[in-house]
Amino acid sequence: MSDDQSAVFRQTDCLDPARATALLATLSRDGYIRHGDPLPPFFHQIYFWIALSADKLGRDGHPALGQGLVPDMGLPRRMWAGGRLRFHKPLRAGMSADCTTRLLRTVRKTGRTGPLGLVTLHYGCSQKGSLCVEEERDLIYREDPDPNAPTPKSPMAPDGECHSQTVEFDSTKLFRYSALTFNGHRIHYDEAYAKSVEGYAGLVVHGPLLAQHLMLFAQDTYGSIKTFTFRATAPLMHFETATLCLKDQDLWVRGPDGRLCMQA
């Protein structure tokens, strides 16, 4: 286990309104983001790219293991497991912003599917010296899948939601979202890789894309968000329709077969 508080990465970016407007379109939402407008919650993820040349990437399209803040734990498959966000004040489009990324902890352990590497990163996004957004991001690293192993059983989603909304995905939506977040992970756009190497049934819908839909659903319902916590529980494929569910302050994503894909 590591708690290396000295591992820090700092970036500065101009929060281009056109990029935020493109994310709105990708999310099937009308409107424009203009200079000075407050960004919707979680839109900071389309900025502060880490752009590495192809020779510095791993087989999955992510930065090769052991580069940057995340150590190489000998586990090749990467997954975004969840996170916790605190929105202190809105980031403003068209203005410069700073982001500090810190490695909080790494843990290696054995789960029911084999060895796991757990990594938590902390992001702090500021404008004009004032902290606007804090995010703790949980990543999981696993071994390659065993084709002879039984398929893990996914938990079933609850019923009884007060509000619901269906969301559809396809390969174009996943590609556009990958481009906006500069996410090179091939499970989101290379179907042959996703199936043959990582063992999925199709292209995988990004965990943060599901979380983004849930955040905007909550904002539409309640008007504002101060904190948000989410955890991915089962992958959703690009050909599946998801149902966003909300009851009081609990949210979840239900897959077409009733399985729980995310809770928040």
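Remember, predicted model here, so these are calculated numbers, not experimental data.

Considering helix H1 (residues 17–26)
Argument step 1. Burial of H1 is extensive: seven of the 10 residues sit out of reach of the surface.
Argument step 2. Those residues of H1 lying buried are Pro17, Arg19, Ala20, Thr21, Leu23, Leu24 and Thr26.
Argument step 3. The elements touched by buried residues of H1 are strand E1 (8–14), helix H2 (171–181) and helix H4 (207–222).
Argument step 4. Where H1 begins, the capping side chain belongs to Asp16, and its oxygen is found 3.1 Å from the backbone nitrogen of Ala18.

Examining the confidence of the model for the chain
Argument step 1. Taken as a whole, the chain shows an average pLDDT of 93; of its residues, 98% reach a score of 70 or greater.
Argument step 2. Counted against residues more than four places away or in other chains, residues 1–5, with its pLDDT under 50, gives 12 contacts.

A closer look at the nonpolar core
Argument step 1. Core analysis: the biggest nonpolar cluster contains 58 residues, and Leu39, Leu91, Val119, Phe169, Met215, Phe228 and Val253 have the highest contact counts within it.
Argument step 2. With eight residues, H4 is the single largest residue contributor to this core.
Argument step 3. Not counting the four nearest positions on each side in its chain, Leu91 is found in contact with Leu15, Asp37, Pro38, Leu39, His44, Ala97, Cys125, Gln127, Cys132 and Val133.
Argument step 4. Grouped together as the second largest cluster of nonpolar side chains are six residues, Ile187, Tyr193, Ala194 and Val204 included.

Remarks on unusual backbone geometry
Argument step 1. We note that Ser28 has phi near 65°; this positive angle belongs to a residue other than glycine.
Argument step 2. By the secondary structure assignment, Ser28 is in the loop between H1 and strand E2 (77–87).
Argument step 3. When its relative accessible area of 64% is taken as the criterion, Ser28 is described as exposed.
Argument step 4. For Phe42, which is not glycine, the phi dihedral falls at a positive 80°.
Argument step 5. One can find Phe42 in the loop between H1 and E2.
Argument step 6. By relative accessible area, Phe42 is classed as buried at 1%.

Structural notes on the environment of Cys132
Argument step 1. Within the secondary structure, Cys132 is located in strand E5 (residues 130–142).
Argument step 2. Separated by 67 residues in sequence, Cys132 and Leu65 have C-alpha atoms that sit 30 Å apart.
Argument step 3. Beyond its immediate stretch of four places on either side in the chain, Cys132 contacts Arg86, Phe87, His88, Lys89, Pro90, Leu91, Cys125, Ser126 and Gln127.

Side note on the environment of His122
Argument step 1. Considering the arrangement of structural elements, one finds His122 in strand E4 (residues 114–127).
Argument step 2. The residues touching His122, leaving out its near neighbours within four places in the chain, are Thr100, Thr101, Arg102, Leu104, Glu134, Glu135 and Glu136.
Argument step 3. At 3.1 Å, the side chain of His122 forms a polar contact with the side chain of Glu134.

A look at the packing of aromatic side chains
Argument step 1. One pass over the full model with this rule turns up four aromatic pairs.
Argument step 2. On the basis of an interplanar angle of 20° and a centroid distance of 4.7 Å, the ring pair of Trp49 and Phe182 is categorised as stacked. Here Phe182 lies in the loop between H2 and helix H3 (191–196) and Trp49 lies in the loop between H1 and E2, a separation of 133 residues in the sequence.
Argument step 3. A relative accessible area of 32% means that Trp49 is categorised as partly exposed.
Argument step 4. On the accessibility criterion, Phe182 (41% relative accessible area) is partly exposed.

Brief notes about the pairing of strand E9 (residues 250–254)
Argument step 1. Counting buried positions along E9 gives four out of five residues, so the element sits mostly inside the fold.
Argument step 2. Two strands pair when backbone bridges link them, and strand E8 (residues 242–247) and E9 are joined in this way by five bridges, in the antiparallel orientation. Looking across to E9, one finds that Leu244 is bridged to Val253.
Argument step 3. Counted along the chain from E8 to the antiparallel partner E9, the turn is two residues long, and its residue Asp248 has a positive phi close to 55°.
Argument step 4. One ladder, built from three bridges, connects E9 with strand E10 (residues 260–263); its direction is antiparallel. When the sheet's bridge partners are listed, Trp252 is paired in E10 with Gln263.
Argument step 5. Where E9 folds back on E10, the antiparallel hairpin that results is connected by five residues, among which Gly258 adopts a positive phi of roughly 90°.

Analysis parameters
- Residues numbered from 1 in each chain as written.
- Predicted model: local features only at pLDDT ≥ 70, side-chain atom pairs only at ≥ 80, totals over all residues.
- Heavy atoms only, no water.
- Buried < 20%, exposed > 50% of the residue type's maximum accessible area, 1.4 Å probe, protein only.
- Helix = DSSP H or I, 4+ residues; strand = E, 2+ residues; numbered from the N terminus.
- Contact = heavy atoms within 4.5 Å.
- Polar contact = N/O pair within 3.5 Å; in protein donor to acceptor, adjacent residues only side chain to side chain.
- pLDDT = per-residue confidence, 0-100.
- Core = buried A, V, L, I, M, F, W, Y, C linked by side-chain atoms within 4.5 Å.
- Phe/Tyr/Trp six-rings, centres within 6.5 Å; stacked < 30°, edge-to-face > 60°.
- Pairing = 2+ DSSP bridges.

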